[in-house]
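# Per-entry structural report
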Amino acid sequence: MKNRSHSLSGVHLKNAIEATDLRKSYGTVNALDGIDLSVEEGKILGVLGPNGAGKTTLVKILTTLTRPDSGRCIVAGYDVVAQARQVREKIGLTGQATAVQEELTGAENLEIMARLYHMPKRTAKSRALELLDRFDLLDAKDRAAKTYSGGMKRRLDLAASLVGSPSVLFLDEPTTGLDPRARIGMWKVIENLVGGGTTLLLTTQYLDEADELADEIIVFDKGKIIAKGTSDELKRSVGGDVLNVQVAEEEDLAEVSRVLETLASTSANVSNEELIVRIGVGSRGSSALAEALRELDRLEISVADISIRRPSLDDVFLQLTGHSTAEGPGTSSSKRTKLKRGEANES
Ligand SMILES: Nc1ncnc2c1ncn2[C@@H]1O[C@H](COP(=O)(O)OP(=O)(O)O)[C@@H](O)[C@H]1O
Ligand SMILES: [Mg+2]
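Remember, predicted model here, so these are calculated numbers, not experimental data.

About the cut-offs
Residues numbered from 1 in each chain as written. Chains lettered and ligands numbered in written order. Predicted model: local features only at pLDDT ≥ 70, side-chain atom pairs only at ≥ 80, totals over all residues. Core = buried A, V, L, I, M, F, W, Y, C linked by C-beta atoms within 7 Å. Buried ≥ 20, exposed ≤ 12 C-beta atoms within 10 Å, placed from the backbone. Domains from an automatic or database assignment. Contact = placed C-beta atoms within 7 Å. Near = placed C-beta within 6 Å. Helix = DSSP H or I, 4+ residues; strand = E, 2+ residues; numbered from the N terminus. Nonpolar A, V, L, I, M, F, W, Y, C, P; charged D, E, K, R; others polar. Pairing = 2+ DSSP bridges. Axes fitted to C-alpha atoms, helices over the stretch in contact; angles between N-to-C directions.

A word on the nonpolar core. Grouped together as the largest cluster of nonpolar side chains are 50 residues, with contacts concentrated most on Ile17, Leu62, Val75, Ile91, Phe170 and Leu201. Looking at which domains feed residues into this core, each of domain 1 (15-235) and domain 2 (238-340) gives three or more. Contacts of isoleucine 17, omitting those with residues within four sequence positions, involve Ser38, Val39, Leu62, Val75, Val168, Thr199 and Leu201. Met113, Ala124, Leu137 and Tyr148 belong to the second largest nonpolar core, which has 20 residues in total.

Below, the structure is given as structure tokens:
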């Protein structure tokens, strides 16, 4: 997706989404604390952040479901507060809670949706079939949606949000709770979607998902944007390589972390579950690796694995916030890999 050809440089594309200083609080919680963002037509913006970061609140405001306390946003050329009806005609939304009606068949779900768009019965039927085919649900079209797998329900949900051919689409955590295979299937579906010029704002807790799908990423934490850029720009901001050391014995973690910190003069990140110590080593990749090996050997610490790699988005988030997307501040980073593999709990 990131490699789709972009407009000629210097040509100004219209923004499909534009938000200025959006604020929303619930009691003492600042769910959105001054958000500015814009998305050019036909692009995918990934909004990446942990639970409670404010992603759904943002989506609700942009899709007219909630009003902001202050600030302004324009979606598909209309003001979300003053022209909510026009905005609704232009957008599609797949929220965290599914809109699928379990007792109805896949086909019926989509036909009902099409009727809501005032399509004549015949058009509604053919539109439903076309979408079922596109989302690989044709074989299951006459089965009640309650018999669908999680991945199939998500695809049906997504199909339903496309019945009205929206120009701007919002997907709130489209793969949370899906197994790894269904997630990849969903990614393919999403990639194909945007080829047709649809603008997409996608929220996710998964770093690899943002990496895979988004043209540009904004990183959310506690109602604020803490970073934005392309995946490559964000990774570059970490500055250089990351050294990973996996120890054989948990009791060695503290010592390894001390050794690496001395070597890199920065703080290490320890995962007790994976027995891994990670540390940024800047541009000194291979020499840092050699030095670490020598020192650990001298101390007779046995190492299960040692490697140098380019930073991941995971490293970016960790560096920016001091905690990973999976957890609150101050806890260990051990859940990160799990989160990336898509085994996080439904939220
Ligand atoms: N309707 C609501 N009433 C009270 N608090 C809310 C409501 N919606 C969201 N919040 C709070 O606002 C913050 C952001 O929530 P949300 O936008 O759902 O985050 P995310 O989607 O990133 O998990 C959280 O602290 C959440 O508890
Ligand atoms: Mg949410």
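This part takes up the site of ligand 1. Close contacts around ligand 1 come from Tyr26, Val29, Ala31, Gly49, Asn51, Gly52, Ala53, Gly54, Lys55, Thr56 and Thr57, and that covers them all. Elements with a minimum of two residues in the shell around ligand 1: strand S2 (29-40) and helix H1 (55-62). Ranked by the residues each element gives to the shell around ligand 1, the list is headed by H1, at three residues. Of the residues assigned to the shell around ligand 1, the class counts are four nonpolar, six polar and one charged.

Taken in spatial order, the six strands line up as S6-S7-S8-S3-S9-S10 in an open sheet, and their pairing is mixed. Edge positions in the sheet fall to strand S6 (91-94) and strand S10 (224-229), since each has one partner strand and no second. Neighbouring strand axes in the sheet, compared pairwise and without regard to direction, differ in orientation by 15° on average. The pairing of strand S3 (residues 44-48) with strand S8 (residues 199-204) spans five bridges and is parallel. Its bridge partner lying in S8, leucine 45 is registered against leucine 201. Against the sheet, helix H5 (residues 150-161) makes contact with S6 and strand S7 (168-172), and its axis sits at roughly 165° relative to S6, the strand it touches most.

What follows covers unusual backbone geometry. You will see that glutamate 173, though not glycine, has its phi angle at about 50°, which is positive. By C-beta crowding, glutamate 173 is classed as buried, having 24 other C-beta atoms within 10 Å. Look at leucine 275: it is not a glycine, yet its phi comes out positive at around 60°.

Honestly, that's just the spatial picture; any functional story needs more than this.
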